[in-house]
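This is what each chain is made of:
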There are 2 protein chains.
Amino acid sequence: MGRVFKLRNVKFSAVSSGIKKEGLDLGLVYFQEPVSFLALYTTNRVKAAHIHYMKRLEEKKVRALLVNSGCANAATGKEGVKDLEKLAKIIGEQMSVSPDDVLFASTGVIGKRLPVDKIIRSFPELLKRSNSSGVEDFAKAIMTTDSYHKISTGSFKGEKNYVLIGVAKGAGMINPKFGTMLCFLFTDFPARKDKIRKAFKTAIRESFEKITVDAETSTNDTVVLFFPEGDVDQKGYEGFVRTLNSVTKELALLIVRDGEGATKVIHIKVKGARTKKEAEEVARRIARSNLVKTAFFGSDPNWGRIIAAVGDTNVRVAPHKIEIIIQGERIVSGGEEVIFDEATLKKRLETRNIDVEINLNEGKGCFDIYTTDLTYEYIKINASYRT
Amino acid sequence: MGRVFKLRNVKFSAVSSGIKKEGLDLGLVYFQEPVSFLALYTTNRVKAAHIHYMKRLEEKKVRALLVNSGCANAATGKEGVKDLEKLAKIIGEQMSVSPDDVLFASTGVIGKRLPVDKIIRSFPELLKRSNSSGVEDFAKAIMTTDSYHKISTGSFKGEKNYVLIGVAKGAGMINPKFGTMLCFLFTDFPARKDKIRKAFKTAIRESFEKITVDAETSTNDTVVLFFPEGDVDQKGYEGFVRTLNSVTKELALLIVRDGEGATKVIHIKVKGARTKKEAEEVARRIARSNLVKTAFFGSDPNWGRIIAAVGDTNVRVAPHKIEIIIQGERIVSGGEEVIFDEATLKKRLETRNIDVEINLNEGKGCFDIYTTDLTYEYIKINASYRT
């Protein structure tokens, strides 16, 4: 993770409010100065209440973000949004800001209403604790089945020195299409929305949209970048984009490495497709294959399952042209097995990082994605999540 | 399973040829009289050699079917088909039939060539054993990770009494779109292809295409119906169709019940979609959800995962209209949770058959599918399949 940079104007805090049985479950970010934000949300048609709520405020500047774990506040209907309205009013007053200055985000079990009273009761303590060194506690408060908290920060130079802080969570229901479970990015780099929107989307596409744990797109996926509105510091723009890309990429890899039950991260690179879109379809199909994921858990170079997944899409592929390279070793050429030392390769699969390259030899389209293996622990976590 | 009917003119046998480390792995069906056949194959673009081979002979009558387990003969290129040509010549001679009278089917590990020599060495014994009571051994010889063999038979009346025998295998890589791993149907009911093709396709669509174990469409899926060519016995036609439907349905349910590692069969019924196609898309999405499948393994009525899966398709759904009924109990109405006794429902989920009904309340389209839970045993089987 390296050095953790701070932002003087952004205060973090966390408390245990009792939404979860134990541990931190409520986090606050308080902005000394109003900030603008850019957000991307899940493509799932069932969206969490906080997403409906946040969408209303997209053209506004805000002063606070309240995040809870333990309850997704999704599939809670109009009542779920009303709960947020009620909260905004009460906690806004305590911070001496308008209700419209407060954003929310939730993660946890779908279908349960937010325990509003618990949150209200805990808020004074939460506000009292807020300080510019509290990011670690905040990152812990938004965890669900995560086994570690996820922070990535970076700094870059323009007319002055700037900082970007990223916090994320997510270990299951990870198949982000627009955003991941939750990721918050904070910077003091001044910008205008229309000047950085493209860089923001690109960063997300190259990071969170290239990981999957279980091919399940969440109802709550949200990525938000908070920044002070102002003329873009042109001298710092390149550094901003570079830091945005590296922070989001690091957070995405932290999420997939912490995938529920995962012991391995599998980097799947599809090359030689007719188009990038076709490469993506093939890569995503392989990345969600339970048979491929269990084979890698067992360190089994079972390429037959990979080629079967390649064939099981709408992409026209010529089986006799397919090449497969695992851990740098070409084991399939012209769609057929090349003689290789299976015992040695099996040994080389007993490691945390697996590289798989599939060349369709049809064109120049390519796409890569990171996925996890599928393990006993995944079953354990998900067969007993709520109990 | 009930009574097992026999066909005097169809002889079955099986041997252990050494393709698998142990157990029966080679089965033969010998037809006293030439029979016609109708077949459906996998939609996977990577197809097993036997499918390429069988397609050439579709307009012919045949006399024998040789099936092996332990080796899928898929992703073996032109050599894989040449192996079958070689085999057809040699075993055809021993049966005094033309090479073109012999069909093949394979199931097992993808990417390995058939051990032709072992098959040739075992063939004389296989031929010697063939008899009209051998269907059980034959059914055992085509098993891979199956935990029991699968036979369903029925009889029906026309101008005379007819019999239909069905044999199937398949426990993993089950997501049949056209056909399942392997299913062979034999009857003495005389027919013409063009008169029964529609009934055949309908039976498959309503049986094998409505089950999934792991959402992995195999390279080898094949369903074949063998029948004597002749004028259709009109008096028996209705009974034929009814028996065809019941035999294929029973085999499909036997396959899903034997799904790799499965402890439960989950029947997912989607109603109220705009169209049948939309209902199917939603039903298949739920049926492949690892989170839904692990929840049912844990007897957890975690409907949030179901509604998240419903939202994660291209079907426009209105979350606030969704109803969910589990084991007959309505737990979601208007997209929100209804008060129900969770402990009681959890208890009622501790059983082998789970019923889930999702009403989208948008129209009249409906579709149902059977899937399995996802368990530790699935991981165990697939992390160590080849070793």
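Because the structure is a prediction, the values reported are computed rather than measured.

## What to know about the overall build of chain A
Tallying secondary structure elements over chain A gives 11 helices and 14 strands in all. Here chain A has a C-alpha radius of gyration of 22 Å; the compact-globule value for 387 residues is 21 Å, and the two agree. Across its three principal directions, the C-alpha atoms of chain A cover 70 × 55 × 35 Å. In chain A, the proportion of contacts linking residues at least 24 apart, taken out of those at least 6 apart, comes to 80%. Accessible surface for chain A amounts to roughly 14,400 Å². Of this, 48% is attributable to carbon and sulfur atoms. With 62 positive and 49 negative side-chain charges, chain A shows a spacing of 3 Å between the two charge centroids.

## Points about the sheet that holds strand β10 (residues 323-326) of chain B
All names here are of chain B. Within the open sheet, the six strands sit side by side as β12-β11-β10-β13-β9-β14. Their pairing is mixed. Pairing within the sheet leaves two strands with one partner each, and these edge strands are β12 (336-337) and β14 (365-372). Direction of pairing for β10 relative to strand β11 (residues 329-333): antiparallel, over a ladder of three bridges. Its bridge partner lying in β11, isoleucine 324 is registered against valine 332. Across the sheet, helix α9 (residues 303-311) is in contact with β10, β11, β12 and β13 (353-359); its angle to β10 comes to roughly 135°.

## What about the pattern of salt bridges?
Applying the stated criterion across every chain yields a total of 51 salt bridges over all chains. Measuring nitrogen to oxygen at the nearest pair gives 2.7 Å for the salt bridge that ties Lys210(A) to Asp368(A). Of this pair, Lys210(A) sits in the loop between α5 (193-205) and β8 (222-227) while Asp368(A) is found in strand β14 (residues 365-372), placing the two residues 158 residues apart along the sequence. Asp368(A) shares its class with Lys210(A); the two are buried. Ionic pairing is found between Arg129(B) and Glu125(B), a salt bridge with its closest N-O pair at 2.7 Å.

## Side note on the interface of chain A and chain B
Between chain A and chain B, the residue contacts involve 61 residues of the former and 61 residues of the latter. Between chain A and chain B the total buried area reaches about 4,900 Å² when both faces are included, carbon and sulfur atoms providing 52% of it. At the boundary of chain A and chain B, one finds six salt bridges. Of the charged contacts, one joins Glu342(A) and Lys112(B) as a salt bridge, the two residues approaching to 3.6 Å between their closest N and O atoms. For the side of chain A that touches chain B, the secondary structure elements donating two or more residues are α2 (77-95), α8 (290-297), α9 (303-311), β12 (336-337), α10 (342-348) and α11 (376-383) of chain A. Classifying every residue of the side of chain A that touches chain B gives 21 nonpolar, 20 polar and 20 charged.

## Re the pairing of strand β9 (residues 265-273) of chain B
Where a strand is regular, its side chains alternate between the two sheet faces. All names here are of chain B. In terms of burial, β9 is a largely internal element, seven of the nine residues being buried. As defined by bridge partners, β9 adjoins β14 across seven bridges and the pair is classed as antiparallel. Within β14, the position partnered with isoleucine 268 by the bridge is isoleucine 369.

## Notes on the pairing of strand β6 (residues 161-169) of chain B
Residues and elements named next belong to chain B. When you tally the buried positions in β6, you get eight out of nine residues, the bulk of the element. Examined bridge by bridge, β6 and strand β7 (residues 182-187) share six bridges and lie antiparallel to one another. Bridge assignment links alanine 168 to a residue of β7, and that residue is cysteine 183.

## Considering the packing of aromatic side chains
All chains considered together, the criterion is met by 31 aromatic pairs over all chains. With 6.3 Å between their ring centres and 40° between their planes, Tyr237(A) and Phe240(A) make a pair best called tilted. Of the two residues, Tyr237(A) and Phe240(A) both sit in helix α6 (residues 234-257), three residues apart, roughly one turn of that helix. Overall, Tyr237(A) belongs to the partly exposed group, its relative accessible area being 26%. Here the aromatic cluster, defined as three or more aromatic residues joined through ring pairs, consists of Phe12(A), Phe31(A), Phe37(A), Phe138(A), Phe184(A), Phe186(A) and Phe226(A). Directly above the ring of Phe37(A) sits Lys193(A), whose terminal nitrogen or CZ lies 5.5 Å from the centroid. The residue whose ring lies beneath Lys210(B) is Phe367(B), and the NZ or CZ to ring-centre distance is 4.9 Å.

## Looking at the domain arrangement of chain A
All names here are of chain A. Split by domain assignment, chain A resolves into domain 1 (10-257) and domain 2 (265-383). Taken together, the contacts link 14 residues of domain 1 with 16 residues of domain 2. Taken together, the two surfaces of domain 1 and domain 2 that pack against each other cover about 1,300 Å², and 52% of this comes from carbon and sulfur. When residues of domain 1 are sorted by the area they lose upon contact with domain 2, Lys210, Thr212 and Arg257 head the list and together hold 43% of the total. In this structure, the connection of domain 1 to domain 2 is made through one salt bridge. On inspection of domain 1 and its partner domain 2, the count reaches eight residue pairs in polar contact (both at pLDDT 80 or more). The residue inventory of the side of domain 1 that touches domain 2, partitioned by class, reads five nonpolar, three polar and six charged.

## Some words on the side chain of His267(B)
All names here are of chain B. Structurally, histidine 267 is set in strand β9. Of the residues examined, histidine 267 reaches a relative accessible area of 14% and is grouped as buried. A distance of 2.7 Å separates the side chain of histidine 267 from the side chain of aspartate 368, its partner in a polar contact. Each residue touching histidine 267, except ones within four places of it in the same chain, is listed here: Ile354, Asp355, Val356, Asp368, Ile369 and Tyr370.

## Topic: the relation of the copies chain A and chain B
Rotating chain A by 180° and translating it 0.0 Å along the rotation axis places it on chain B, where the RMSD comes to 0.0 Å. Given the turn and translation reported, the copies of this chain are related as if by a two-fold rotation axis. Looking at the rotation axis and the C-alpha trace of chain A, the residue lying nearest is Tyr376(A), at 2.7 Å. Here 100% of the contact residues of chain A are again contact residues in chain B; the copies associate through an equivalent surface.

## Quick look at helix α7 (residues 276-287) of chain A
All names here are of chain A. Helix length check: α7 (12 residues) gives 16 Å between terminal C-alpha atoms against 16 Å at 1.5 Å per residue, within 8%. Looking only at α7, the buried set comprises Ala279, Val282, Ala283, Arg285, Ile286 and Ala287. Considering only its buried residues, α7 is in contact with β9 (265-273), α8, α9, β13 (353-359) and β14.

## Some remarks on the nonpolar core
One broad rule of soluble globular proteins: the nonpolar side chains tend to lie buried together. The biggest cluster of nonpolar side chains holds 88 residues, and the ones touching the most others in it are Ile358(A) and Ile358(B). Aside from chain neighbours lying at most four places away, what touches Ile358(B) is Ile268(B), Lys269(B), Val270(B), Lys271(B), Ile286(B), Ile306(B), Val310(B), Ile322(B), Glu323(B) and Ile324(B).

## Concerning the sheet that holds β9(A)
Strands sit in the order β12-β11-β10-β13-β9-β14 (chain A) across an open sheet of six strands; the sheet is mixed. Looking at which strands have only one partner, the edges of the open sheet turn out to be β12 and β14 of chain A.

## With respect to the environment of Gln94(A)
All names here are of chain A. By the secondary structure assignment, glutamine 94 is in helix α2. Considering only alpha carbons, one finds glutamine 94 and phenylalanine 123, 29 residues apart in sequence, at a separation of 8.6 Å. In this structure glutamine 94 touches Phe123, Pro124 and Leu127, once residues within four positions along its chain are discounted.

The rules behind each value
For every chain, the first residue of the written sequence is number 1, and numbering continues from 1 onward in sequence order. As a convention, the first chain written is A and the first ligand written is 1, with the rest following in written order. Under the rules for a predicted model, residues below a pLDDT of 70 receive no local features and side-chain atom pairs below 80 are neither given nor counted, while totals for whole chains, interfaces and linings still include all residues. Each side-chain value is derived from all of the structure's non-hydrogen atoms; neither hydrogens nor water enter the calculation. Secondary structure elements follow DSSP: runs of H or I no shorter than four residues count as helices, runs of E no shorter than two count as strands, and numbering proceeds from the N terminus. Our radius of gyration is a C-alpha quantity, and the globule rule it is checked against amounts to 2.2 Å times the number of residues to the power 0.38. When checking whether two residues touch, look at their non-hydrogen atoms; a contact exists if any pair is within 4.5 Å. Each accessible area is a Shrake-Rupley estimate made with a 1.4 Å probe; only the visible protein chains count as cover when residues are assessed. For the purpose of counting charges, residues Lys and Arg are taken to be positive, whereas Asp and Glu are taken to be negative. His and the chain ends are not included. Lysine's charge is taken at NZ, arginine's at CZ, aspartate's at CG and glutamate's at CD. Between any two strands, at least two bridges found by DSSP are needed for them to pair. Under this scheme, a helix contributes an axis fitted over its contacting stretch, all axes are lines through C-alpha atoms, and angles between N-to-C directions fall in the 0 to 180 degree range. We count a salt bridge whenever a side-chain nitrogen from Lys or Arg sits within 4 Å of a carboxyl oxygen from Asp or Glu. For every residue, the accessible area obtained with a 1.4 Å probe (protein chains only) is divided by the maximum for its type, and the residue is called buried under 20%, exposed over 50%, and partly exposed between those limits. Once two parts are brought into contact, the accessible area they lose, counted with a 1.4 Å probe and summed over both, makes up the buried area. Asp, Glu, Lys and Arg are counted as charged, while Ala, Val, Leu, Ile, Met, Phe, Trp, Tyr, Cys and Pro are counted as nonpolar; the rest, among them Gly, fall into the polar class. Only centres within 6.5 Å qualify two rings of Phe, Tyr or Trp (six-membered ring in Trp) as a pair; their planes then separate them into stacked at under 30 degrees, edge-to-face at over 60, and tilted for everything else. The criterion for a charge sitting over a ring is simple: Lys NZ or Arg CZ within 6 Å of the ring centre, and within 35 degrees of the ring normal. How far each domain reaches was decided by an automatic or database domain assignment. N or O atoms within 3.5 Å of each other form a polar contact, as long as, within protein, one can give a hydrogen and the other can take it, and as long as residues adjacent in sequence are counted only when both atoms are side-chain atoms. We place the copies in one frame by least squares, fitting the C-alpha atoms of every residue whose pLDDT is at least 70 in both. To estimate the expected span of a helix, subtract one from its residue number and multiply by 1.5 Å. By nonpolar core is meant a set of buried Ala, Val, Leu, Ile, Met, Phe, Trp, Tyr and Cys residues that side-chain atoms within 4.5 Å join together.

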